[in-house]
Amino acid sequence: MLGLVGRNGAGKTTLLRILAGALQPTAGRVWRPPGLRVGFAPEGDGALYSELTVRSYLRLMAGLTEAGAGFGPDEVIEAMGLAERAHQEIRALSRGFRQRVLLGQALLGAPQVLLLDEPLNSLDPIQIAEMCRLLTALPWSPAVVVSSHIVSHLLDIAEEIVLVANGEVVRAGTVAEFAVSGSGIGVTARALSPATPVAAALGTLVPSPSKIVERGGVTWITVPVTGGMAADQVAVRVLEALVAAKIKVLEIAPRQLRIAERV
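Since we're looking at a predicted model, the values are computed, not measured.

A. Focus on the pattern of salt bridges. Applying the stated criterion across every chain, the model contains nine salt bridges. Between aspartate 45 and arginine 95 there is a salt bridge; the shortest N-O distance is 3.9 Å. In this pair, aspartate 45 is assigned in the loop between β2 (38-41) and α2 (54-63) and arginine 95 in helix α4 (residues 95-107), connecting sequence segments 50 residues apart. On the basis of relative accessible area, aspartate 45 is assigned to the partly exposed category, the value being 31%. Put simply, arginine 190 and glutamate 251 hold a salt bridge, and the shortest N to O gap is 2.9 Å. In this pair, arginine 190 is assigned in strand β7 (residues 185-192) and glutamate 251 in strand β10 (residues 248-256), connecting sequence segments 61 residues apart. Overall, glutamate 251 belongs to the partly exposed group, its relative accessible area being 42%. Linked by salt bridges that have partners in common, Asp45, Arg95 and Arg98 make up one network.

Here is the structure:
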């Protein structure tokens, strides 16, 4: 299983849609072997017909699935733990069970490749643990690509991680390599200023910020701690640079960064 990690807007959904054949690339090309069965679960509930029951929806989607290996609605309902919900309308289900139905339609026909866009998004910790269990207990072994903007969701189920930013791969490696590389500590700050002067003030800062985002007149700054420096040293550099530019700092503190925030 491969985890595709990046912030919102990094290009994860676009890449998965292209791989699934749901979107044509504007540059480059994707080669798919003839006869390859691909299952795709897009993000959110947009692919669900909420007025249908679980069983009716899966039967409808099965009619649109390429003929092949026999993994139909009944097998999906069993594998996804939906037997007690099979006759309920999808709109009556909780977020976690709707996500199971969405994953289930991607499993129809036993695809050889499974593309899952943010399948753990908006789930509570118990639902996340259950979804991870389902993903690792499929009755066959498809190649799985699963995206998330929170890498901790993938550490227990993925074998490799690909980190994307601005539509490009910036790093790839095994989960173990990601876990041991870098301290994962960074400095975050909030400044009462538009983003442009903040970026100018921190333009020569070492280490450089990985994020400068303005929200409602307040700019949020993230600076990874690198090069053997201590977090308090980096915090002092950030603070000095902002104060020198006469920018009011509302908050500054070290914290543990998600992997997607470290680049």
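B. Broad picture of the nonpolar core. Met80, Val101, Leu114 and Leu116 are the most contacted members of the largest nonpolar core, which totals 41 residues. The set of elements that each furnish at least two residues to this core consists of α2, α3 (73-79), α4, β3 (113-116), α5 (125-135), β4 (143-148) and β5 (160-165). In terms of residues, this core owes the most to one element, α4, which gives six residues. Look past the residues within four positions of methionine 80 in its chain and what remains in contact with it is Arg100, Leu103, Gly104, Leu107, Leu134 and Leu138.

Cut-offs and rules
By convention here, each chain's residues receive numbers from 1 onward along its written sequence. Where totals are concerned, whole chains, interfaces and linings use all residues; where local detail is concerned, this predicted model gives features only for residues with pLDDT of at least 70, and gives and counts side-chain atom pairs only at 80 or more. Side-chain numbers here rest on the full set of heavy atoms in the structure, without hydrogens or water. One speaks of a salt bridge when a side-chain nitrogen belonging to Lys or Arg is within 4 Å of a carboxyl oxygen belonging to Asp or Glu. The helix and strand labels rest on DSSP assignments: H or I over at least four residues marks a helix, E over at least two residues marks a strand, and numbering proceeds from the N terminus. Here's how the labels work: a residue is buried when its accessible area is under 20% of the maximum for its type, exposed when over 50%, partly exposed in between, all with a 1.4 Å probe on protein chains only. We call a set of buried Ala, Val, Leu, Ile, Met, Phe, Trp, Tyr and Cys residues a nonpolar core when their side-chain atoms join them within 4.5 Å. We call two residues contacting when some pair of their heavy atoms lies within 4.5 Å.

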